[in-house]
Amino acid sequence: MKLLVKAFGEPQTNCYIYSNSSGEFIIDPGIEATAWVLENTKNPLAILITHGHYDHIWSLADLKSHLPNVPIYCPKEDVFMLKTDCFRTGLKPCNPDNIIEGYKSTSLIKVSDYQIKYHHLPGHTPGCSIIEIDNIIFSGDFVFYRSIGRYDFPYSNPSDMKESLKRFQQIQSDVDKIIYPGHGQSTSLFQEQKNVDLWIQRI
């Protein structure tokens, strides 16, 4: 197992490349991430999107032109953010190949020999999800080191965020899984579950 991370663009959005014996998973390729991704992947298996904000998906269309056979996975409720430049940022639209059905639950997808969990935790965006591979979690903008994602953007929903935080707190694990967020430094599942009650009180 190998994990590479690099922050891109003015928002300093983390793009991750998670490598295993089968190949690589690309998570949230942001602004001008294409060259770095191509330089660091030999057998890309999939591009996994946590949510549809422009700084997490900016390079999708460009990457797809270089990697036409690599499928893009996206939460259903955020597909419209990939297909249209709904925030008028200059984003080049891109259609996902596989749509993850959310329903505020956990979906299992299989890519190569790997099972991946998508935990649908809306609030920051309608499709906001965290992605679990092996014993690590890519949290996008749902939860950060001692913080949570904003819920005052267009298409955000504070009521959904409260509900999602409660479900996040209830995720069971035998080990304290490392969380790699969309911005900033890593944290861990148990540490951030301890902070949930405080955040719910503040919403």
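Residues numbered from 1 in each chain as written. Predicted model: local features only at pLDDT ≥ 70, side-chain atom pairs only at ≥ 80, totals over all residues. Heavy atoms only, no water.

> Is there a simple way to explain the pattern of salt bridges in this structure?
The tally for this structure, following the rule as stated, stands at seven salt bridges. Between D97 and K64 there is a salt bridge, with its nearest N and O atoms 2.8 Å apart. Pair noted here: D97 is in the loop between helix 4 (79–83) and strand 6 (98–100) and K64 is in helix 3 (residues 60–66), with a separation of 33 residues, a long-range link. A single salt-bridge network, built from bridges that share partners, covers K104, D160 and E163. (Salt bridge = Lys/Arg side-chain N within 4 Å of Asp/Glu carboxyl O. Helix = DSSP H or I, 4+ residues; strand = E, 2+ residues; numbered from the N terminus.)

> Sorry if this is basic, but what is going on with the layout of surface pockets here?
Counted as a void, the largest pocket has a volume near 230 Å³. Along the wall of the largest pocket there are 13 residues; nearest its centre are H53, D55, H124, D141 and F153. Its residues placed into classes, the lining of the largest pocket shows six nonpolar, four polar and three charged. (1 Å grid on protein atoms, 1.4 Å probe; cavity = no way out; pocket = protein on both sides within 12 Å on 5 of 7 lines; lining within 4 Å. Points joined across faces, edges and corners; volume = space filled by probe spheres on them. Nonpolar A, V, L, I, M, F, W, Y, C, P; charged D, E, K, R; others polar.)

> Would you mind going over the sheet that holds strand 3 (residues 24–27) with me for this structure?
Two strands in a sheet stick together by hydrogen bonds in their backbones, pointing the same way (parallel) or opposite ways (antiparallel). Spatially, 1-2-3-4-5-6 is the arrangement adopted by the six strands of the open sheet, whose pairing is mixed. The two strands at the open ends of the sheet, each matched to only one other strand, are strand 1 (2–8) and strand 6. Within this sheet the neighbouring strands show an average axis-to-axis angle of 20°, counted without direction. (Pairing = 2+ DSSP bridges. Axes fitted to C-alpha atoms, helices over the stretch in contact; angles between N-to-C directions.)

> So what exactly am I meant to see when it comes to helix 5 (residues 158–169) here?
Every α-helix winds through 3.6 residues per turn, so residues three or four apart in the chain are directed the same way. The terminal C-alpha atoms of helix 5, which comprises 12 residues, lie 17 Å apart, in line with the 16 Å expected from a rise of 1.5 Å per residue. Listing the buried residues of helix 5 in full gives D160, M161, S164, L165 and F168. When helix 5 is viewed along its axis, its buried side chains cluster within an angular range of 135° and face the same direction. The inward-facing, buried residues of helix 5 abut strand 9 (129–133), strand 11 (143–144), strand 12 (147–148), strand 13 (178–181), helix 6 (189–194) and helix 7 (196–202). For helix 5, the N-terminal capping position is held by N157, with its side-chain oxygen 2.9 Å away from the main-chain nitrogen of S159. (Expected span 1.5 Å × (residues − 1). Buried < 20%, exposed > 50% of the residue type's maximum accessible area, 1.4 Å probe, protein only. Arc of directions from axis to C-beta. Contact = heavy atoms within 4.5 Å. Polar contact = N/O pair within 3.5 Å; in protein donor to acceptor, adjacent residues only side chain to side chain.)

> Honestly, the pairing of strand 3 in this entry has me stumped. Any pointers?
In regular strands, side chains alternate between the two faces of the sheet. Residues of strand 3 alternate between two faces, with E24 and I26 on one and F25 and I27 on the opposite face, all of them buried. Summarising the sheet, strand 2 (residues 13–19) and strand 3 pair through four bridges and their orientation is antiparallel. Directly across from I17, in strand 3, lies its bridge partner I26. In textbook terms, the turn of a hairpin is the stretch between consecutive antiparallel strands, and for strand 2 and strand 3 this stretch comprises four residues, one of which, G23, has a positive phi near 160°. In the sheet, strand 3 pairs with strand 4 (residues 44–48) via four bridges, with the strands oriented parallel. Directly across from E24, in strand 4, lies its bridge partner P44. Crossover handedness for the path strand 3 to helix 1 (residues 34–39) to strand 4: right-handed. (Right-handed = clockwise from strand over helix to strand, strands pointing away.)

> What should I look at first to understand the side chain of H56 in this one?
Summarising the element assignment, H56 is placed in helix 2 (residues 54–57). Its relative accessible area of 0% is what places H56 among the buried residues. Polar side-chain contacts of H56 include one of 2.8 Å to the side chain of D28. Contacts of H56, omitting those with residues within four sequence positions, involve T13, D28, P29, G30, I49, T50, H51, G140, D141, G182 and H183.

> What is the right way to read the sheet that holds strand 9 from this model?
Reading across the sheet, the six strands line up as 7-8-9-10-13-14 and stay open at both edges, with mixed pairing between neighbours. Looking at strand neighbours, the two that pair on one side only are strand 7 (106–111) and strand 14 (187–188), the edges of this open sheet. Bridge analysis of strand 10 (residues 136–140) against strand 13 gives four bridges, and the strand direction is parallel. Pairing of F138 across the sheet is with Y180, part of strand 13.

> Teacher, can you tell me more about empty space enclosed by the protein here?
Left-over empty space is what a probe sized like a water molecule reveals as it rolls over the atoms. The full count for this structure, using the stated rule, is one cavity of 30 Å³ or more. Roughly 30 Å³ of volume is contained in the largest cavity. If you go around the largest cavity, the residues you meet are G52, Y54, I57, M81, T84, D85, C86, F87, T89 and L91. Counted by class, the lining of the largest cavity contains six nonpolar, three polar and one charged residues.

Just geometry here; none of it tells us what the structure is for.
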